[in-house]
Amino acid sequence: MDREAEPSGRSIAYSRSTTSRLMDLLDSNRQGNVHGGVIMRMVDEAAAIVAIKHSGRQVVTARVDRFDFWKPAYLGDVVSIECWMEYVGRTSMEVGVKVVAEEPASREVRDVASSRVIYVAIDETGHPTPVPPLVAASPDEEQIIAAARARRDQTETPRE
Ligand SMILES: CC(C)(COP(=O)(O)OP(=O)(O)OC[C@H]1O[C@@H](n2cnc3c(N)ncnc32)[C@H](O)[C@@H]1OP(=O)(O)O)[C@@H](O)C(=O)NCCC(=O)NCCS
């Protein structure tokens, strides 16, 4: 694609995505609890898709800023990973993640985990490359971006 012709900014809605998968025997221990590492891998894959969609570039994971497990997921649950862009720097992108599990028979839904993952867009030579800015397309998006910016202002930069 002609990069000059790309839009100057992209909304949160542009790249927001949800991926789901049924938890099977290989995902869980003998008690039927899904391994944390299975959820973490699903999160990294799903959140990377958001960063790839936003930037139109290949990306690498630079940082997992938070990862909180709230409730267990079990064998037979449908686990969904909801991801949205919440902050964009020059070459880096922060993706917010919410993980929910649904027990198909009862339709009971549990909040399983949440996370924030930072990706860096890379060019054909593997070096960081600029990405389109994040522009709010609604008051809700404005709030998400403002909260992420405030959080960033309060925390240390990665190399400090
Ligand atoms: C991420 C990586 C490309 C950054 O390369 P670099 O030469 O250090 O890049 P820079 O110092 O120019 O930083 C580029 C951007 O990444 C951000 N960044 C770099 N390391 C970061 C970290 N650990 N956490 C958060 N952001 C980070 C910088 O803040 C900067 O953001 P900005 O452009 O939006 O201001 C490089 O460290 C790398 O390749 N890491 C390994 C990635 C990988 O293999 N991931 C898979 C997991 S094993």
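My aim in this report is to walk through the structure given alongside it, one point at a time. This structure is a prediction, so every number in the text was calculated from the model and none was measured. Per chain, the residues get numbers from 1 upward, laid out in the order the sequence is written. At least 70 in pLDDT is required for a residue's local features to be given in this predicted model, at least 80 for side-chain atom pairs to be given and counted, and no such filter applies to totals for whole chains, interfaces and linings, which use all residues.

### Remarks on the overall build of the protein
Put simply, the test is: Strands are runs of DSSP state E lasting at least 2 residues, helices are runs of H or I lasting at least 4, and numbering of each runs from the N terminus. Here the globule rule reads 2.2 Å times residues to the power 0.38, and the radius of gyration is calculated from C-alpha atoms. Here exposure depends only on C-beta density: within 10 Å of a residue's C-beta, 20 or more other C-beta atoms make it buried, 12 or fewer make it exposed, and intermediate numbers make it partly exposed, the C-beta atoms being placed from the backbone. Once C-beta atoms have been placed from the backbone, residue pairs whose C-beta atoms lie within 7 Å are recorded as contacts.
Per the secondary structure count, the protein includes three helices and five strands. When the helices and strands of the protein are placed in sequence order, the string is α-β-α-β-β-β-β-α. By the compact-globule yardstick of 15 Å for 160 residues, the protein fits well, its C-alpha radius of gyration being 17 Å. Oriented by its inertia axes, the alpha-carbon framework of the protein measures out at about 50 × 35 × 35 Å. Counting all 160 residues of the protein, 28% fall into the buried class. Counting only contacts in the protein whose residues sit at least 6 apart along the sequence, the fraction spanning at least 24 positions is 74%.

### Looking at the sheet that holds strand β5 (residues 108-122)
Condition: Pairing between strands requires that DSSP locate at least two bridges from one strand to the other. Inter-axis angles, ranging from 0 to 180 degrees, are taken between N-to-C directions of lines fitted to C-alpha atoms, where helices are fitted over the stretch in contact.
Spatially, β1-β3-β4-β5-β2 is the arrangement adopted by the five strands of the open sheet, whose pairing is antiparallel. Looking at which strands have only one partner, the edges of the open sheet turn out to be β1 (17-22) and β2 (58-69). The mean angle between the axes of side-by-side strands here comes to 25 degrees, regardless of whether they run parallel or antiparallel. Both strand β3 (residues 78-88) and strand β4 (residues 92-103) contribute to a ladder of ten bridges, which runs antiparallel. Across the sheet, Val88 pairs through a bridge with Met93, a residue of β4.

### Some words on the nonpolar core
Note the cut-off: We define a nonpolar core as a collection of buried residues of the types Ala, Val, Leu, Ile, Met, Phe, Trp, Tyr and Cys that are connected via C-beta atoms lying within 7 Å of each other.
Ile39, Val43, Ala47, Val95, Val97, Val99 and Val112 are the most contacted members of the largest nonpolar core, which has 32 residues in total. Those elements that provide at least two residues to this core are α2 (36-55), β3, β4 and β5. The element best represented in this core is α2, accounting for seven residues. In this structure, Val43 is in contact with Ile81, Val97, Val99, Ser115 and Val117, ignoring residues within four places of it in sequence.

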